[in-house]
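Structure assessment
Here is what each chain is made of, one letter per residue.
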Amino acid sequence: MPVITNIQDLKRIYERRVPRMFFDYAESGSWTEQTFRENTSDFEQIRLRQRVAVDMSGRSTAAQMIGEDVSMPVSLAPVGLTGMQHADGEIKAAKAAEEFGVPFTLSTMSINSIEDVAEATTKPFWFQLYTMNDEDYVRRLIQRAKDAKCSALVITLDLQILGQRHKDLKNGLSAPPKLTPKTIANLMTKWAWGIEMLGAKRREFGNIVGHVEGISDASSLGAWTAEQFDLSLDWGKIAKLKEMWGGKVILKGILDAEDARMAVKVGADAIVVSNHGGRQLDGALSSIRMLPQILDAVGGEVEVILDSGIRSGQDVLKSLAMGANGTMIGRAFVYGLGAMGQKGVTKALEVIHKELDTTMALCGERDIANLGRHNLLIPKNFEGNWQG
């Protein structure tokens, strides 16, 4: 294994190894990509307070997320097409997360199915649900997640309609890849990826193919998916989904204080402050910039998880010190997965943990639970002077 010192090292290997359409799928935002860029650049505006002559021994990053013990308050976010980044990608990512002691979230739009991941792991994982017009399919999908002993249902709220991602359209994104002269030329340079994919358990959407009547190939799947996202999703439907699930529910895609209050009202166990990694509403504010007013809105009545833009342990620390109860990483673990499979996901988690632990010590803290705004230097206008 090459010397990996940060997440960017994994990203460079990932870009060399994975076909362009799947790299671009992960490494892009919608429209002008303003929000995608600011998700990371806004973290850079927050500075850290260095403290000295404090006892740094016996440090702990252990915490809880929705009542589950975690080695650090970082969970793997739901990412579609993960099994196209590396053969059996969801299985490998879930196993790495389990061994490291952090939650893994399986996407509805995964390549490996709920059952595949459950069979390969021993610890319950989280399942992410996209609400769709086919209510019978949604009911069966939720039941499958129950049967797999998933410990939380993550309902994504910010993808009722798909934000346009220019690169995906230009690349003709599909799973498996459509063989055009352009994709064939690119795939010929990614022979290691291709050899591994030949032995993959699946190369299509495992939670859909075989579970919806009439879907047998990529074209029928594409047509079905394009018309399935539920445009009429509202808080009443969210409440019904929560009742149908009957367990812990995390609502993902909250970026407004009023929506945060509504999430509390419907009884969410946690909310994820997220703009879908900058892949939906371009021009929206970054998640870290919106975090303070959302925390004020919920007043501690619900756990708050910060997603979108985290690329380091320092970003995790800044999120927690700002008041988040936990974080989600998407691209950071995908870089590792695409670069080196399960070992790469483990390496990404190790990098983030080391950065988090070392930074916590240099800020004068031994217990992650003690992090707070006293560890940060935040620009006076960080939350902005916006009128609405």
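Not measured: the values here are computed from a predicted model. (Residues numbered from 1 in each chain as written. Predicted model: local features only at pLDDT ≥ 70, side-chain atom pairs only at ≥ 80, totals over all residues. Heavy atoms only, no water.)

**Some thoughts on the sheet that holds strand 11 (residues 326–329)**
An order of 4-11-10-9-8-7-6-5 is seen for the 8 strands of this open sheet, with the pairing classed as parallel. Edge positions in the open sheet fall to strand 4 (74–76) and strand 5 (105–106), since each of these has one partner strand only. In this sheet, strand 6 (residues 126–129) lies alongside strand 5 in parallel orientation, the contact comprising 2 bridges. Along strand 6, the bridge assignment pairs Thr105 with Trp126. Sheet strands touched by helix 13 (residues 257–265): strand 8 (249–254) and strand 9 (270–273). Its angle to strand 8, the strand with the most contacts, is close to 170°. (Pairing = 2+ DSSP bridges. Helix = DSSP H or I, 4+ residues; strand = E, 2+ residues; numbered from the N terminus. Contact = heavy atoms within 4.5 Å. Axes fitted to C-alpha atoms, helices over the stretch in contact; angles between N-to-C directions.)

**Details of the pairing of strand 8**
A regular strand places its side chains on the two faces of the sheet in alternate fashion. Counted residue by residue, strand 8 has 6 buried out of 6 residues, so it is predominantly covered. Pairing analysis gives 4 bridges linking strand 7 (residues 152–156) to strand 8, with the strands arranged parallel. For Thr156, the partnering residue across the bridge sits in strand 8 and is Lys252. Alignment of strand 8 against strand 9, held across 4 bridges, turns out to be parallel. By the bridge assignment, Lys252 is partnered in strand 9 with Val272. After leaving strand 8, the chain enters helix 13 and then returns to the sheet as strand 9, a path that is right-handed. (Buried < 20%, exposed > 50% of the residue type's maximum accessible area, 1.4 Å probe, protein only. Right-handed = clockwise from strand over helix to strand, strands pointing away.)

**Notes on the side chain of Thr108**
Mapped onto the fold, Thr108 is located in the loop between strand 5 and helix 6 (114–120). On the accessibility criterion, Thr108 (0% relative accessible area) is buried. Reaching out from Thr108, the side chain makes a polar contact with the backbone nitrogen of Tyr130 at a distance of 3.2 Å. Setting aside anything within four residues of it in sequence, one finds Thr108 in contact with Phe127, Gln128, Leu129, Tyr130, Met132, Tyr137, Leu141 and Asn207. (Polar contact = N/O pair within 3.5 Å; in protein donor to acceptor, adjacent residues only side chain to side chain.)

Geometric values such as these leave the question of function open.
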